[in-house]
Amino acid sequence: MENPIGIFDSGVGGTSIWKEVAKTLPHEHTIYLADSANAPYGEKSKEEIVRLSIKNTEYLLKQNCKIIVVACNTATTNAIDYLRSHYKVPFIGIEPAIKPAALQTKTKKVGVLATKGTLSSSLFHNTSKLFAEGITVLEQEGKGLVELIEAGKIESEEMRDLLIDFLQPMLNQDIDCLVLGCTHYPYLIPVLKDILPGHINIIDSGEAVARQTKAVLEQNSLLSNSEDSPEHLFYSNADTEVLKTLVNTPSAKVSYLDF
């Protein structure tokens, strides 16, 4: 089926998920929505997050998307149940990778860096309760990180100072795994590796989400049969320059769209 995969996020961060999806499914067309005008979602009420997720979903459905990846932890934890109950297409969500962290930790101490909207959600707490029995999960709200990433200030001193402030209490508690609970945060991995001791595992959800997307497409007989190079369309309702920089692939067409 040649219809595109739809992907949306509160901004540019979900491109970290798009890259894994495009790598795993190299013949699939994609349409990516960056709702940067409303970023970050993590500070908003559940009702507002659901409203924005409906808006993004309905635009992607108008483009005949066959599956929608909610490439935003906050939108997944707050809105995906509503979306699944009101629309017929399959939805793939993003959850903080608590399970692999719980399996890998030796100190039984795991850090989670995420937005307020994710950390306060029932889905996050249920996931932690289910997979982290006997594990101490240290939560840290990444306040201000999304805004800096959206502004292209990934390697700024301001970013580095914020991360040190957020991470030091976790390090003092002897974590050996750090879960990135926001799809913007994988873009911080080079900075994090420079700050963190070498023994700490940094875990994100990108590869797992791409594998799940492929599995659901296969289960629903929705995989593309084409061997041609796919089309990748990216839309932002704010400045497109950071989006262009992060996507950085010749096959991508990045445009401003007032959605």
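A brief structural summary. In this text the structure is predicted, and so the values were computed from the model without any measurement. (Residues numbered from 1 in each chain as written. Predicted model: local features only at pLDDT ≥ 70, side-chain atom pairs only at ≥ 80, totals over all residues. Heavy atoms only, no water.)

**Looking at the environment of I7**
Part 1 of the argument: Assignment of secondary structure puts I7 in strand β1 (residues 5–9).
Part 2 of the argument: We classify I7 as buried; its relative accessible area is 0%.
Part 3 of the argument: Between the C-alpha atoms of I7 and V146, which are 139 residues apart in sequence, the distance is 18 Å. (Helix = DSSP H or I, 4+ residues; strand = E, 2+ residues; numbered from the N terminus. Buried < 20%, exposed > 50% of the residue type's maximum accessible area, 1.4 Å probe, protein only.)

**Considering the nonpolar core**
Soluble globular proteins: nonpolar side chains tend toward being buried together.
Part 1 of the argument: V69, L163, L178, Y185 and L188 are the most contacted members of the largest nonpolar core, which totals 51 residues.
Part 2 of the argument: No other element matches the five residues that helix α8 (residues 157–172) contributes to this core.
Part 3 of the argument: When sequence neighbours within four positions are dropped, the list of residues in contact with L178 reads G111, V112, L113, L167, M170, L192, L196, I200, N201, I202 and I203.
Part 4 of the argument: By size, the runner-up hydrophobic cluster in this structure holds 24 residues, among which are I31, Y59, L60 and Y235. (Core = buried A, V, L, I, M, F, W, Y, C linked by side-chain atoms within 4.5 Å. Contact = heavy atoms within 4.5 Å.)

**Observations regarding the side chain of S205**
Part 1 of the argument: Mapped onto the elements, S205 comes out in the loop between β8 (201–203) and α10 (206–219).
Part 2 of the argument: In this structure S205 comes out as buried when scored by relative accessible area, which is 8%.
Part 3 of the argument: Reaching out from S205, the side chain makes a polar contact with the backbone oxygen of E95 at a distance of 2.8 Å.
Part 4 of the argument: Beyond its immediate chain neighbours, meaning those up to four positions away, S205 contacts I94, E95, P96 and A97. (Polar contact = N/O pair within 3.5 Å; in protein donor to acceptor, adjacent residues only side chain to side chain.)

**Here we look at the sheet that holds strand β3 (residues 67–70)**
Part 1 of the argument: One open sheet accounts for six strands, arranged β4-β3-β1-β2-β9-β10; its pairing is parallel. The open sheet is flanked by β4 (91–92) and β10 (252–256), the only strands paired with a single partner.
Part 2 of the argument: Both β1 and strand β2 (residues 30–34) contribute to a ladder of five bridges, which runs parallel. Looking at β2, one finds that D9 is bridged to A34.
Part 3 of the argument: Of the strands in this sheet, β1, β2, β3, β4 and β9 (232–236) are in contact with helix α2 (residues 46–62), which crosses β1 at around 155°. (Pairing = 2+ DSSP bridges. Axes fitted to C-alpha atoms, helices over the stretch in contact; angles between N-to-C directions.)

**What to know about empty space enclosed by the protein**
Part 1 of the argument: Taken as a whole and judged by the stated rule, the model has three cavities of 30 Å³ or more.
Part 2 of the argument: The computed volume of the largest cavity comes to approximately 70 Å³.
Part 3 of the argument: Surrounding the largest cavity, 13 residues form its lining, E43, T115, G142, K143 and G144 being those nearest its centre.
Part 4 of the argument: With three residues, the single largest contributor to the lining of the largest cavity is helix α7 (residues 145–150). (1 Å grid on protein atoms, 1.4 Å probe; cavity = no way out; pocket = protein on both sides within 12 Å on 5 of 7 lines; lining within 4 Å. Points joined across faces, edges and corners; volume = space filled by probe spheres on them.)

**Section: the sheet that holds strand β7 (residues 177–181)**
Part 1 of the argument: One open sheet accounts for four strands, arranged β6-β5-β7-β8; its pairing is parallel. Each end of this open sheet is capped by a strand with a single partner; those strands are β6 (136–141) and β8. The mean angle between the axes of side-by-side strands here comes to 20°, regardless of whether they run parallel or antiparallel.
Part 2 of the argument: When strand β5 (residues 109–114) meets β7, the two strands line up parallel, connected through five bridges. Directly across from V112, in β7, lies its bridge partner V179.

In short, geometric facts, not functional conclusions.
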